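Per-entry structural report
In case you want the letters, here they are:
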Amino acid sequence: MARWWEGALELKPLLHLLFPLCFHWIAEEMTVSVLVDVTTEALCPGQNTCSEAIYLNGLQQTIVGIFKMIMLPILGQLSDEYGRKPLLLVTVSTTIIPFTLLAISESKAFVYAYYVLRTVSYIISQGSIFCIAVAYVADIVDHRKRAAVFSWITGLFSASHVVGNLLARFLPEEYIFEVSIALLIFCPVYMAFFLVETVKSTPKLDQHSSYLNKALTVVQERYKTMKYAVIIVLNTPTLRSISVISFFYELGMSGISTVLLYYLKAAFGFDKNQLSEIQSIVGIGSIVSQLVVLPLANPLVGEKIILCAGLLASIAYALFYGFAWASWVPYLSASFGVIYILVKPATYAVISKGSRSTDQGKAQTFIAGVQSIASLLSPLAMTPLTTWFLSTDAPFDCKGFSIICASLCMVISLCFACSLKLELPPDDEDNLEAPLVS
């Protein structure tokens, strides 16, 4: 129990980071379930199934995955060199404009414009906010206490999702985007005034060089940055293993998340209220598992056992959704989210433990880049497969067949996790990597 409170006490210096991020997470989550209704109604009026919306989501995720491979390592290195705060301010601000469009109008043209701007927003912010926040934590918290702190942070993330889903459940639909925009604006404003920087900026050489020279420098250093990040991962067995585990887990789970809400709407006629209820079940249970169970269990069993348990639960989660034979089964499947949600904090802890202090941002964002490769590949199979089995042309009656296929990726991830060896990084050596921008 003392260890549990130690993790809570470690959050005190992180107050000005986590407080605004909770508002950001609430604002984003409260729009998730209503977006299914908004996009379906705009693109396929009067229908429960909308293949165009499913394909648009798949296309969006593929484009985001391609560009995230480039953006995440750049953002990670920039945060290591020029500070966490400016990168956080940029990334948390990108969601404001896309939701503003839907607050103005929910017509077909505005929905298309939303998809375009939201894609750009995702390229910059999806994954990078959490990775930079995790690097911020690593700047402050001792590596022996990070697993507990990460569990508290992901627990707060889940709590924010519960609040967001409750707001989506009980707020009238016409007010959801307005409230979300207000919370999204509050986040960067609060950070600008109160968040303390933890990284000393790299001295800028040749400050009077032209913009063209600076642009050329970015291009030249891009290769060096990627090479350095690859060396970090390949030379560290722990990072090498967790990158493979993360790839297959994300390949399956991102594919499921791309189509899940549209599958539930098409297969069982769920609306925003029922979708919010299912997401709330996951959120409420995961709060307990991350804030209480993980901090108490981690010192006893370690990150590897927790990671394996989470992966096993994710397989059950996918199979119950895929074979759902009645409208109550998705609620049962959602209950496995209480355990599989532990995969994320366990992964962050493993990456952090396997990285040197000077490479936290690079390691977190590089492996997030590996995950982005998976997230761009999964819609290529999941989108047409889901659309096919939801249509009347399906070869056999199994609307969730694509989700069952995705569960195989989590099985592969679990196999690699069982052989994972946790090792501390080698002693810090001279960091010969050049700054990204000079």
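Report follows, based on the coordinates. Please read these numbers as outputs of a predicted model, since none were measured by experiment. (Residues numbered from 1 in each chain as written. Predicted model: local features only at pLDDT ≥ 70, side-chain atom pairs only at ≥ 80, totals over all residues. Heavy atoms only, no water.)

Some remarks on the overall build of the protein chain
As a reminder, the rule being used: Runs of E in the DSSP output that reach at least two residues are strands. Runs of H or I that reach at least four are helices, and both are numbered from the N terminus. The contact rule is simple, with two residues in contact once any of their heavy atoms fall within 4.5 Å. For accessible areas, the Shrake-Rupley method is used with a probe of radius 1.4 Å. Any residue's cover is judged against the shown protein chains and nothing else.
Secondary structure assignment for the protein chain yields 18 helices and zero strands. Sequence-distant contacts, at least 24 apart, represent 86% of the contacts inside the protein chain between residues at least 6 apart. Split by element, the accessible area of the protein chain, about 18500 Å² in all, is 68% carbon and sulfur.

Structural notes on the packing of helix α12 (residues 237-268) against helix α13 (residues 272-322)
Threshold: A fitted line through C-alpha atoms represents every axis, and for helices the fit uses only the stretch in contact; the resulting angles, taken between N-to-C directions, go from 0 to 180 degrees. By definition in this entry, angles of less than 35 degrees are roughly parallel, angles greater than 145 are roughly antiparallel, angles of 65 to 115 are roughly perpendicular, and the rest are oblique. Crossings are sorted by hand: turned counterclockwise from the far helix by less than a right angle, the near helix makes the crossing left-handed, and turned clockwise it makes it right-handed. Each residue receives one of three labels: charged for Asp, Glu, Lys and Arg, nonpolar for Ala, Val, Leu, Ile, Met, Phe, Trp, Tyr, Cys and Pro, and polar for the others, Gly being one of them.
Axis separation between α12 and α13 bottoms out at 9 Å; the angle between their running directions is 155°. Taken together, the axes of α12 and α13 lie roughly antiparallel to each other. With respect to the hand of their crossing, α12 and α13 are arranged in left-handed fashion. Judged by residue contacts, I242, I245, Y249, M253, I256, L260, L261, Y263 and L264 of α12 engage L275, I278, Q279, L307, L311, S314, Y317, A318, Y321 and G322 from α13. Looking at the contact of α12 with α13 residue by residue, the class counts come to 16 nonpolar, three polar and no charged.

Brief notes about the environment of R118
Position of R118 among the secondary structure elements: in helix α7 (residues 108-125). Sequence separation between R118 and F99 is 19 residues, and the spatial gap between their C-alpha atoms is 8.2 Å. In contact with R118, other than residues within four places in its own chain, are E28, Q60, T95, P98 and F99.

Notes on the side chain of T386
The criterion, for reference: Within 3.5 Å is the distance limit for a polar contact, defined as a pair of N or O atoms, with the added protein rule that one can donate a hydrogen and the other accept it, and that residues adjacent in sequence qualify only through two side-chain atoms.
In this fold, T386 is placed in helix α17 (residues 360-390). In terms of polar contacts, T386 uses its side chain to reach the backbone carbonyl oxygen of M382, at 2.7 Å. Filtering out sequence-adjacent residues up to four positions away, T386 remains in contact with V259 and S402.

Looking at the state of the cysteines
Selection criterion: When two cysteine sulfur atoms lie within 2.5 Å, the pair is treated as a disulfide.
Per the stated rule, a full pass over the model turns up zero disulfides. Of all cysteine sulfurs in the structure, the one in C22 sits closest to C187, which takes part in no disulfide; the separation is 9.5 Å.

Some remarks on the pattern of salt bridges
Stated formally: We count a salt bridge whenever a side-chain nitrogen from Lys or Arg sits within 4 Å of a carboxyl oxygen from Asp or Glu. Only protein chains enter the accessibility calculation, which uses a 1.4 Å probe; a residue is then buried when its area is under 20% of its type maximum, exposed when over 50%, and partly exposed in between.
Across all of its chains, the model carries four salt bridges by this definition. Of the charged contacts, one joins E28 and R118 as a salt bridge, the two residues approaching to 3.2 Å between their closest N and O atoms. Separated by 90 residues along the polypeptide, E28 in helix α2 (residues 15-29) and R118 in helix α7 bring together distant segments of the chain. Look at E28 and you get partly exposed, because its relative accessible area is 22%. One salt bridge connects R84 with D139, and the closest N-O pair in it is separated by 2.8 Å. Within this pair, whereas R84 is found in helix α5 (residues 84-93), its partner D139 is found in helix α8 (residues 128-140), the two being separated by 55 residues in sequence. Look at D139 and you get partly exposed, because its relative accessible area is 29%.

A closer look at the packing of α12 against helix α16 (residues 343-353)
Between α12 and α16, the least distance of the axes is 10 Å, while the angle of their chain directions is 155°. The angle between α12 and α16 falls in the class roughly antiparallel. Between α12 and α16 the crossing geometry is left-handed. Note on element contacts: α16 touches α12 through V343, K344, T347, V350 and I351, opposite T238, L239, I242, S246, Y249 and E250.

Comments concerning a nonpolar patch on the surface
The test is simple: Every patch collects residues that have over 30% relative accessible area and no salt bridge, joining them within 9 Å if they carry like charges and within 5 Å if they are nonpolar side chains (Val, Leu, Ile, Met, Phe, Trp, Tyr).
A surface patch of nonpolar side chains, amounting to about 410 Å² of accessible area, comprises L59, I63, I66, F67 and I70. For F67, the location among the structural elements is in helix α4 (residues 51-82).

Concerning the side chain of S407
Positionally, S407 belongs in helix α18 (residues 401-418). The residues touching S407, leaving out its near neighbours within four places in the chain, are I315, A318 and L319.

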